[in-house]
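Each chain, letter by letter, is given below.
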Amino acid sequence: MIPLIDMHCHLLAGLDDGPSTQEEALAMCRLAYDDGTRMAAATAHQNEDWPEVTPERIRLAWDRLVQALREAEIPLAVFPCAEVMVQPDIESAWVKGRLLSVADGRRYLLIEMPHGCFLDLEATVRGLVAQGVRPILAHPERQEELLHEAGQIERLIEAGCLVQVNAGSVAQPHSRADAKALKDWFQRGIVHCLGSDGHSPRRRPPLMAAAYRQIQQWAGHAVADRVCSTFGMAILQGLPLRLPKPGPRRSNWFASWWK
Ligand SMILES: [Fe+2]
């Protein structure tokens, strides 16, 4: 199987609601490696619930994880990352260096919608792109408005946003309607990368392979390889990406019935 790249996994011990100890973090890394993951964005929340999580603390925790992986002889490559909750001053926080980019490369920034509400992120996306960093929206499929309302996610992609879907949403969709909408997203090239959003070895394990197989079934090998591997590799290395233009929505009732 192609090396899986996990673009969103809480692996930094003691920083947020991910693993509380390094042993737990290593158990997650072993699980991920055995499941086929070869690179992972070791992510911590940056939001008002975790005000002490600064770029410097993430870098230090990432350093400790790299050392622990070496000592435990687990050949998983990890990269420092933050999951930044959108806030009114996100653009100035970025400019002042208060937010950690994906792999600390200053090319991509993993962002998430504030919990429990839906915001129009187009201006935020355009503002960040103007500052030279490309936002990647974490798990937009959790948002009814983005998954099910025509044109919403396409508008964000058009503004320069990338889309990261959670492996769990693919392997175990909440409903048949969600599964159908996600299948449509993969077939139309809406999704750019996959993350486990792992938090622990048990509660939310860092697994990707089942989702990879489902994406293969839904949209074929080429899409599964791009979303689960090659785009993630490029992003972690800070390389620019030329995104596929999203395919058109299927609009007539016969097409949606025939799917
Ligand atoms: Fe997360």
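Residues numbered from 1 in each chain as written. Predicted model: local features only at pLDDT ≥ 70, side-chain atom pairs only at ≥ 80, totals over all residues.

Turning to the overall build of the protein chain, a few remarks are in order. Assigned secondary structure in the protein chain consists of 11 helices and 7 strands. If you line up the protein chain on its principal axes, its C-alpha atoms span 55 × 40 × 30 Å. In the protein chain, which comprises 259 residues, the share counted as buried stands at 42%. For the protein chain, the proportion of contacts with a sequence separation of at least 24, taken over those separated by at least 6, is 76%. (Helix = DSSP H or I, 4+ residues; strand = E, 2+ residues; numbered from the N terminus. Buried ≥ 20, exposed ≤ 12 C-beta atoms within 10 Å, placed from the backbone. Contact = placed C-beta atoms within 7 Å.)

This part takes up helix H4 (residues 122-130). In an α-helix there are 3.6 residues to a turn, and that puts residues three or four apart on one side. Along H4, the positions that sit buried rather than exposed are Thr 124, Val 125 and Leu 128. Taken end-on, H4 shows its buried residues confined to a sector of 100°, consistent with a single buried face. Pointing more than 90 degrees away from the buried face of H4 are the exposed residues Ala 123 and Ala 130. On its buried face, H4 is in contact with helix H3 (90-95), strand E4 (108-112), strand E5 (134-138) and helix H6 (152-159). Downstream of H4 by one or two residues, Gly 132 has phi in the positive range, about 95°. (Arc of directions from axis to C-beta.)

You can see Ile 136 is positioned in strand E5. Classification of Ile 136 as buried rests on a count of 25 C-beta atoms within 10 Å. Considering only alpha carbons, one finds Ile 136 and Arg 30, 106 residues apart in sequence, at a separation of 26 Å. Filtering out sequence-adjacent residues up to four positions away, Ile 136 remains in contact with Val 102, Tyr 108, Leu 109, Leu 110, Ile 111, Leu 162, Gln 164 and Cys 193.

Positioned with a positive phi, Arg 106 is a non-glycine residue whose angle comes to about 65°. Relative to the elements of secondary structure, Arg 106 occurs in the loop between H3 and E4. With phi around 50°, Asp 197 is a residue other than glycine that occupies positive phi space. Looking at where Asp 197 falls in the secondary structure, it is placed in the loop between strand E7 (193-195) and helix H9 (209-219). Judged by local crowding, Asp 197 falls into the buried class, with 25 C-beta atoms found within 10 Å.

Taken by themselves, the reported measurements are silent on function.
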